[in-house]
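# Coordinates in review
Residue strings, one per chain:
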Amino acid sequence: MAGLAFGPVVLGSLVLGSLMPSLTGVAEAAPPSGPLAPDVSVGEGAPPLPSNLSSASWLVADLTTGHVLAARAGSAQRAPASTQKILTALTFGPGAPPEVEVTAADTQVTGRTIGLKPGVRYRSADLLDALFVASGNDVAQALARAGGDPATAGDRMTASAAQLGATDTTAHNATGLDAAGQLTTSYDLAVLTRAALARPELRRAAGLAEMTFTGSDGKTRHLTSSNPLLGHYPGALGVKTGSTADAGQTFVGAAERDGTTIAVVLMQAPKSYEAEATSLLNWGFAAAAGTAPIAVLPDQAAPAPARAADGAGAPAVLPPAEDGGGISPLLALALALTVVAAAFTYWQGREQGSPAQAKSDTRRDRPGAALRRTTRPPDTSELDEPDEPEELGEPEELGEREELGEPKDSDELGDQSSSVRESRKIFAP
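As the structure is a computational prediction, the values presented were derived from the model and not from experiment. (Residues numbered from 1 in each chain as written. Predicted model: local features only at pLDDT ≥ 70, side-chain atom pairs only at ≥ 80, totals over all residues. Heavy atoms only, no water.)

## Describing the overall build of the chain
Cut-off, in case you're wondering: In this description a helix means any DSSP run of H or I spanning at least four residues, a strand means any run of E spanning at least two, and both kinds are numbered starting from the N terminus. Throughout, exposure labels follow a simple rule: accessible area from a 1.4 Å probe, protein chains only, divided by the maximum for the residue type, with under 20% read as buried, over 50% as exposed, and the rest as partly exposed. Using a 1.4 Å probe, the Shrake-Rupley method yields the accessible areas, and only the shown protein chains count as cover for residues.
Helix and strand counts for the chain stand at eleven helices and 13 strands. When each of the 429 residues of the chain is scored for burial, the buried share is 46%. Accessible surface computed for the chain: about 19400 Å², of which carbon and sulfur atoms make up 57%.

## Description of the pattern of salt bridges
Applied cut-off: One side-chain nitrogen of Lys or Arg within 4 Å of one carboxyl oxygen of Asp or Glu is enough to make a salt bridge.
Counted according to the given criterion, the structure contains four salt bridges. The closest approach of N and O atoms between Glu99 and Arg121, which form a salt bridge, is 3.0 Å. Highlighted residues: Glu99 in strand S4 (residues 99–101) and Arg121 in strand S5 (residues 121–123), separated in sequence by 22 residues. Looking at Glu99, the relative accessible area reads 34%, which means it is partly exposed. Of the residues examined, Arg121 reaches a relative accessible area of 33% and is grouped as partly exposed. Here Arg145 and Asp106 are joined by a salt bridge, their closest N and O atoms 2.6 Å apart. Of the two residues, Arg145 is situated in helix H5 (residues 137–146) and Asp106 in helix H3 (residues 104–107); the sequence distance between them amounts to 39 residues.

## Looking at the packing of aromatic side chains
Stated formally: Working definition: a ring pair exists when centres of Phe, Tyr or Trp rings (six-membered ring for Trp) sit within 6.5 Å. Plane angles under 30 degrees give stacked, over 60 give edge-to-face, the rest tilted. Distance and angle both matter: a charge sits over a ring if NZ of Lys or CZ of Arg is within 6 Å of the ring centre and within 35 degrees of the ring normal.
Counting across every chain of the model gives two aromatic pairs. Ring centres of Tyr122 and Phe213 lie 5.9 Å apart, and the angle between their planes is 65 degrees; this geometry places the pair in the edge-to-face category. On the criterion of sequence distance, the pair formed by Tyr122 in strand S5 and Phe213 in strand S6 (residues 210–214) is long-range, its members being 91 residues apart. Residue classification places Tyr122 among the buried positions, given a relative accessible area of 0%. Owing to a relative accessible area of 1%, Phe213 belongs among the buried residues under this scheme. Positioned over the ring face of Phe285 is Arg257, at 4.5 Å from the centre of the ring.

## Considerations on the confidence of the model for the chain
Test applied: How sure the predictor is of each residue is captured by pLDDT, a score from 0 to 100. Any two residues having at least one pair of non-hydrogen atoms within 4.5 Å are treated as being in contact.
Within the chain, residue pLDDT values average 75, and 62% of them lie at 70 or more. Low confidence marks residues 1–33, where pLDDT is under 50. Its contacts with residues over four positions away, or in another chain, come to 30 contacts. Taken together, the stretch residues 351–429 has pLDDT below 50 and engages in 177 contacts with residues farther than four places along the chain or on a different chain.

## Here's the deal with the environment of Met211
Along the polypeptide, Met211 turns up in strand S6. Look at Met211 and you get buried, because its relative accessible area is 0%. Met211 sits ten residues away from Arg221 along the chain, and the two C-alpha atoms are 8.2 Å apart.

## Side note on the pairing of strand S10 (residues 260–269)
Stated precisely, the cut-off is as follows: For two strands to count as paired, DSSP must find a minimum of two bridges between them.
Counting buried positions over the ten residues of S10 gives eight, a clear majority of the element. Inspection of the sheet shows strand S2 (residues 57–62) paired to S10 by six bridges, in the antiparallel sense. Paired with Leu59 across the two strands is Val265, which belongs to S10. The pairing of strand S9 (residues 248–257) with S10 spans nine bridges and is classified as antiparallel. The partner of Thr250 across the bridge, within S10, is Met267. Between S9 and S10, which follow one another and run antiparallel, lie two residues, and Asp258 among them has a positive phi close to 50 degrees.

## Side note on helix H7 (residues 186–197)
Residues spaced three or four apart along an α-helix point in a common direction, a consequence of the helix completing one turn every 3.6 residues. To keep things clear, this is the line we draw: Each helix should span, by expectation, one fewer than its residue count multiplied by 1.5 Å.
For H7, built from twelve residues, the straight-helix expectation of 16 Å at 1.5 Å per residue is met to within 8% by its first-to-last C-alpha distance of 16 Å. Within H7, twelve of the twelve residues are buried, which leaves the element mostly enclosed by the surrounding structure. Of the residues making up H7, those classed as buried are Ser186, Tyr187, Asp188, Leu189, Ala190, Val191, Leu192, Thr193, Arg194, Ala195, Ala196 and Leu197.

## Overview of the environment of Gln182
Formally: The term polar contact refers here to a pair of N or O atoms within 3.5 Å; inside protein, the definition further demands a hydrogen-donor-capable atom paired with an acceptor-capable atom, and it admits residues adjacent in sequence only when both atoms are side-chain atoms.
Following the sequence through the fold, Gln182 ends up in the loop between helix H6 (153–164) and H7. In this structure the C-alpha to C-alpha distance between Gln182 and Pro80, which are 102 residues apart in sequence, comes to 7.6 Å. The residues touching Gln182, leaving out its near neighbours within four places in the chain, are Arg78, Ala79, Pro80, Gln84, Thr170, Ala171, His172, Asn173, Gly176 and Leu177. From its side chain, Gln182 meets the backbone oxygen of Leu177 in a polar contact 3.0 Å long.

## Re the pairing of strand S3 (residues 67–72)
Across a regular strand the side chains alternate sides, sitting on one face of the sheet and then on the other. Sheet topology places strand S1 (residues 40–42) next to S3; three bridges connect them, and they run antiparallel. Its bridge partner being in S3, Ser41 is matched across the sheet by Ala71. Pairing of S2 with S3 involves five bridges; the strand directions are antiparallel. Each bridged residue has a counterpart across the sheet, and for Asp62 the counterpart in S3 is His67. In this sheet, strand S11 (residues 295–296) lies alongside S3 in antiparallel orientation, the contact comprising two bridges. Bridge pairing in S11 places His67 opposite Val296.

This is the structure we're talking about:
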């Protein structure tokens, strides 16, 4: 009987062991995002690339499918400049309070600012818009501070990036101003852009050519974007520009046609990068249908809001499991087979060891005949900045209205669109 008891258990173990290679395959079935080649890499079946591409690192991705179609040094880490603000919006936008009161510390920052006033309250939605339209560093700091301790902003942004799949990104500030060790890649910027465009409020903000908003002091600000695609490239969704001494020119642009969204990332780009971005977008739309991917962007899961309940610290951000988490169906089947085999052996041994039970088994049609019980398997389911940052200061006040256009310097280049969003006056007198 001991042999009978041992045999089925061994059988279940053998079944479990035989399934382990399949289980390993499930765990490793994540999209092939690995390191991209340091030189130019193009998917099979692609049309010829545009000529005269001079950015040190660039990438073209179909954000609809997640396919990376072509790249040059797509995994090379470089300074992000203001493209960092895509991650700032993803990290601090979801948990922001309805209004943010600006502090003096928020305004003590170099580079591009929009002239936020200490003690004045602004809508968080307006600040998010201004983050993309005017790339205000005072805006980035106000949003990050509203999300918790400013000293931990970089750590929270790094954790959010990793949760989304941008694992080669390290943030040290919310502005994108140069900082030792603050790095990202073209691939990671495509990951973050896909996540941002999946959020309606960020998709709208990224595509604004102009905006007008009013603070609690009653003063109205008018901001314009210098994104070179907005108003000029068909289907342009905007996104983010940037420039610092370490990063040079950086740019992330996206456009949509016939249900397909193509994104282009340029790092250490030429000073006038509009032609390069346009040619790569055109190429991406032509290549999307018939080109095999060289890598795949991860499926998006929104990061946890960065705002702590008590206003300090940050919530834990857990990275997603490679296989999506939980227990594999094959593993559950193997465990169930093992349990059923053990139960069968137990009841078989009991029948053989009991004469009364053996006798009752020969008379199953009599009332009171013993019924066999099956054992249920256990539940295992819970197992733009300028090249040399300068303080732009406060915009010139014109009565009760302040006009702030985008300076046409090395931080943000391009034409201005004429569409204006109506001012939203939300504060009580």
